[in-house]
Amino acid sequence: MRATLAGGFTDIRVLMTHPMETGLRKDQDGKLVPMHFIQSVIVKVNGKTVVDSQTSQAVSRNPVFSFRVKGGARGDKIEVSWVDNQGETNSTEAAVA
C-alpha cells in the first residue's frame, strides 16, 4: 500500500492479493469453482472510517484499489481492511508520505 499527500488530498493505492473467483469459471474437470471474492473494503485514517464500500465478484484477481481522501497530513496512519464472502479477512497499514 502507498499513501501520498498532494494538493490537499491523500491518495491511497493498495494491492489486495485475492483469487476473486466469480463462481462461473470451471476447473479442469468441468466443475464450477465456487465464488470467492472480496465483498467489503474499509479505509481508515487515524482510526476514523473514511471509506466503507461493498464490492462484488465482478472485480479482477489481485485487485488494485485507489482512493482519494480530502485532507490529511504526512505521517497520518492509513489502514485498509477487507472481508471476503467466505469470512476471510486481511488488512494493511501505512503512513502518509
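My aim in this report is to walk through the structure given alongside it, one point at a time. (Residues numbered from 1 in each chain as written. Predicted model: local features only at pLDDT ≥ 70, side-chain atom pairs only at ≥ 80, totals over all residues. Heavy atoms only, no water.)

## Things to note about the nonpolar core
Stage number 1. One finds I12, M16, V41, V43, F67, I78 and V80 to be the most contacted residues of the largest nonpolar core, which totals 18 residues.
Stage number 2. Within the residue set of this core, elements represented by two or more residues are strand 2 (9-15), strand 3 (38-45), strand 5 (64-70) and strand 6 (77-84).
Stage number 3. Looking at this core element by element, the count peaks at 4 residues for strand 3.
Stage number 4. Filtering out sequence-adjacent residues up to four positions away, M16 remains in contact with I38, V41, N62, P63, F65, V80 and W82. (Core = buried A, V, L, I, M, F, W, Y, C linked by side-chain atoms within 4.5 Å. Buried < 20%, exposed > 50% of the residue type's maximum accessible area, 1.4 Å probe, protein only. Helix = DSSP H or I, 4+ residues; strand = E, 2+ residues; numbered from the N terminus. Contact = heavy atoms within 4.5 Å.)

## Topic: the packing of aromatic side chains
To describe a pair of aromatic rings, you give the distance between the ring centres and the angle between the ring planes.
Stage number 1. Per the stated rule, a full pass over the model turns up 1 aromatic pair.
Stage number 2. Aromatic pair F65 and F67: ring centres 6.2 Å apart, planes at 10 degrees, arrangement stacked. Side by side, F65 and F67 carry an identical accessibility label, which is buried.
Stage number 3. Here the basic side chain of R68 rests over the ring of F9, its NZ or CZ set 5.1 Å away from the ring centre. (Phe/Tyr/Trp six-rings, centres within 6.5 Å; stacked < 30°, edge-to-face > 60°. Lys NZ or Arg CZ within 6 Å of the ring centre and 35° of its normal.)

## A look at the pattern of salt bridges
Stage number 1. Within this structure, the stated rule accounts for 4 salt bridges.
Stage number 2. Note that D11 is salt-bridged to R68, the shortest N-O span being 2.7 Å. Of this pair, D11 sits in strand 2 while R68 is found in strand 5, placing the two residues 57 residues apart along the sequence.
Stage number 3. Put simply, R25 and E21 hold a salt bridge, and the shortest N to O gap is 2.7 Å.
Stage number 4. Judged by relative accessible area, which is 10%, E21 ranks as buried.
Stage number 5. Ionic contacts of the salt-bridge type, sharing partners, join the residues E21, R25 and R61 into one network. (Salt bridge = Lys/Arg side-chain N within 4 Å of Asp/Glu carboxyl O.)

## Examining the pairing of strand 4 (residues 48-54)
Stage number 1. In this structure, strand 3 lies alongside strand 4, joined through 6 bridges in antiparallel fashion. Within strand 4, the position partnered with V41 by the bridge is S53.
Stage number 2. Between strand 3 and strand 4, which pair antiparallel and follow one another directly, the connecting turn spans 2 residues, one of which, N46, has a positive phi of 50 degrees. (Pairing = 2+ DSSP bridges.)

## Examining unusual backbone geometry
Stage number 1. One non-glycine residue with positive phi stands out, namely M20, at about 50 degrees.
Stage number 2. Along the chain, M20 falls in the loop between strand 2 and strand 3.
Stage number 3. By relative accessible area, M20 is classed as buried at 5%.
Stage number 4. One non-glycine residue, N46, lies in the positive phi region at around 50 degrees.
Stage number 5. Relative to the helices and strands, N46 resides in the loop between strand 3 and strand 4.

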